[in-house]
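# Summary of structural features
In case you want the letters, here they are:
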Amino acid sequence: MKKSEHLNIIADRDIADSFSVESWDKQHFDDGRVHRATYNRIFLITAGSGEIVIDAAPYPIAGNQLLLIAKGQLFTFAADTVLTGYTICFGDCFWEKAPESASNCKAVLFNNASDNQQVPLMADDVQELKPLFKTLHTEFAKPGYINKPDAMAAYLKIIMIKIANINASLSKGYDSYDNQLYRQFLELVSRQYQNTHEVAEFAKQMGISTRKLTELCNRCGGKGAKEIINGQLISEAKRSLQFSAKPVKEIAYHLNFSTPEQFSHFFKKNTLVSPHQYRSHFVHIGM
């Protein structure tokens with residue numbers, strides 16, 4: 001791991017070909033450090049105990065579950081956390097090797113990651129997924145050959161499709177036109193939220209009306225389009241306030257607010273506390 005520009009955060013080390021698979025057997029996590037994900041992650045946990053905190057939200061560790069972490073998110077394991085299972089890390093450049101038919105799964109699972117962070121599994125789900133993870137891990141450990149990345153991308157595609165199917169709320173209506181538009185919106189927001197805050201701007205890029213975009217977000221995701229954009233902004237603002245020494249003014253301009261006052265009003269409206277109060281809370285916890 002290497003230090004990032006944020007204080008007390010460990011950034012992912014570079015991974016060859018932007019892809020890795022690890023197998024864990026009662027692996028202990030005791031460093032308590034905060035990590036910023038440079039790569040998307042899928043954890044298949046077959047047994048374990050403890051807790052992981054993702055973007056300040058705690059998730060208990062137990063057997064028979066998936067944990068999904070999107071690039072840019074912050075996470076840390078509580079002391080004495082123990083995991084048995086697998087973890088897959090992959091970057092966007094590796095994912096581009098996967099067939100286009102799997103892109104819908106990635107868009108819904110990772111572009112709105114906070115809604116899909118933890119996926120409980122039935123015993124049958126684990127029995128179906130575990131051999132796939134094991135096969136991918138075995139393939140990853142083999143010496144390199146000319147088509148190895150393509151083979152691993154194909155296995156990853158299958159795993160992602162299986163995960164999306166397990167999560168019934170994500171697999172409904174996959175082929176409908178509205179769901180395709182919704183996934184397109186999530187993809188645009190994940191790339192542009194720092195610079196584009198208005199629903200109308202996204203609607204214009206998609207060639208639909210603002211009203212249509214708001215309606216399909218409520219229907220497909222249970223949240224309004226503006227709520228999704230604001231959620232991305234608030235998550236990034238919280239990371240910067242909690243784990244960096246950047247002045248509020250700098251954070252405001254980084255997120256493309258016209259003035260620090262506009263940013264502070266936006267933050268307080270959505271969190272009920274000011275940026276300074278939010279930062280002070282975490283400073284006092286660490287004292």
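Described below are features of the structure shown in this document. The model shown is predicted, which means the values in this text are computed figures rather than measured ones.

## A few points about the packing of aromatic side chains
Scanning the entire structure with this criterion turns up 13 aromatic pairs. Here Phe263 and Phe267 contribute two aromatic rings whose centre-to-centre distance is 6.0 Å and whose plane-to-plane angle is 45°, an arrangement assigned as tilted. Linking Phe263 with Phe267, this pair stays in helix α11 (residues 260-271), spanning four residues, or about one helical turn. Residue class for Phe267 comes out buried when judged on its relative accessible area of 0%. Site record: aromatic cluster; members linked through ring pairs are Trp24, Phe29, Phe43, Phe75 and Phe77. If you follow Lys148 out to its NZ or CZ, it ends over the ring of Phe140, 5.8 Å from the centre.

## A short note on helix α7 (residues 199-206)
Given 3.6 residues per helical turn, the α-helix brings residues three or four places apart onto the same face. Residues of α7 that are buried: Val199, Phe202, Ala203 and Met206. One face of α7 carries all of its buried residues, which in axial projection span an arc of 100°. Along its buried surface, α7 packs onto α6 (177-192), α8 (210-221) and α9 (225-243). At the exit of α7 stands Gly207, carrying a positive phi of roughly 75°.

## A look at α11
Look at α11: 16 Å from first C-alpha to last across twelve residues, which is about the 16 Å you get at 1.5 Å a residue. Two residues or fewer after α11 comes Leu272, characterised by a positive phi angle close to 75°.

## Overview of the packing of α7 against α8
The interhelical angle for the contact between α7 and α8, taken along N-to-C directions, is 95°, at an axis separation of 8 Å. With respect to their mutual orientation, α7 and α8 come out roughly perpendicular. Of α8, the residues touching α7 (which contributes Val199, Ala200, Phe202, Ala203 and Met206) are Thr210, Leu213 and Thr214. Taken together, the residues of the contact of α7 with α8 sort by class into six nonpolar, two polar and no charged.

## Let's talk about the nonpolar core
Counting residues in each nonpolar core, the largest one holds 31 residues, and the members touching the most others are Phe185, Leu213, Cys217 and Phe263. Once you skip the residues sitting within four places of it in the chain, Cys217 turns out to touch Tyr182, Phe185, Gly222, Lys223, Gly224, Ala225 and Ile228. In terms of nonpolar packing, the next biggest core, distinct from the first, is built from 29 residues, Val126, Leu136, Leu156 and Ile163 among them.

## Comments concerning the pattern of salt bridges
Per the stated rule, a full pass over the model turns up seven salt bridges. For the salt bridge of Glu128 with Lys162, the shortest nitrogen-to-oxygen distance reads 2.8 Å. One end of the pair, Glu128, is in helix α3 (residues 123-141); the other, Lys162, is in helix α4 (residues 148-166), and 34 residues separate them in sequence. On the basis of relative accessible area, Glu128 is assigned to the partly exposed category, the value being 36%. Judged by its relative accessible area of 28%, Lys162 falls in the partly exposed class. A salt bridge links Glu139 to Lys142; the nearest nitrogen and oxygen atoms lie 3.3 Å apart. Look at Glu139 and you get buried, because its relative accessible area is 8%. For Lys142, a relative accessible area of 38% puts it in the partly exposed group. Connected through salt bridges with shared partners, the residues Asp55, Glu236 and Arg239 form a single ionic network.

## Considering the sheet that holds strand β10 (residues 81-90)
A sheet is described by the order of its strands in space; here five strands give the open sequence β3-β10-β5-β8-β11, paired in antiparallel fashion. For this open sheet the edge positions go to β3 (19-29) and β11 (118-120), each flanked by a neighbour on one side alone. Sheet twist, expressed as the average angle between the axes of neighbouring strands with direction ignored, equals 20°. Here β3 runs beside β10; their pairing, made up of nine bridges, is antiparallel. If you follow Glu22 over to β10, its bridge partner there is Thr87. α4 contacts β3, β5 (40-49), β8 (65-69), β10 and β11 of the sheet and is inclined by roughly 120° relative to β10.

## Let's talk about unusual backbone geometry
Glycine aside, the phi torsion of most residues is negative, and most peptide linkages are trans. Even without being glycine, Asp17 reaches a positive phi, approximately 60°. Mapped onto the secondary structure, Asp17 falls in the loop between β2 (9-11) and β3. For Lys26, which is not glycine, the phi dihedral falls at a positive 55°. Within the secondary structure, Lys26 is located in strand β3. Owing to a relative accessible area of 59%, Lys26 belongs among the exposed residues under this scheme.

What counts, and at which threshold
Residues numbered from 1 in each chain as written. Predicted model: local features only at pLDDT ≥ 70, side-chain atom pairs only at ≥ 80, totals over all residues. Heavy atoms only, no water. Phe/Tyr/Trp six-rings, centres within 6.5 Å; stacked < 30°, edge-to-face > 60°. Helix = DSSP H or I, 4+ residues; strand = E, 2+ residues; numbered from the N terminus. Buried < 20%, exposed > 50% of the residue type's maximum accessible area, 1.4 Å probe, protein only. Lys NZ or Arg CZ within 6 Å of the ring centre and 35° of its normal. Arc of directions from axis to C-beta. Contact = heavy atoms within 4.5 Å. Expected span 1.5 Å × (residues − 1). Axes fitted to C-alpha atoms, helices over the stretch in contact; angles between N-to-C directions. Parallel < 35°, antiparallel > 145°, perpendicular 65-115°, else oblique. Nonpolar A, V, L, I, M, F, W, Y, C, P; charged D, E, K, R; others polar. Core = buried A, V, L, I, M, F, W, Y, C linked by side-chain atoms within 4.5 Å. Salt bridge = Lys/Arg side-chain N within 4 Å of Asp/Glu carboxyl O. Pairing = 2+ DSSP bridges.

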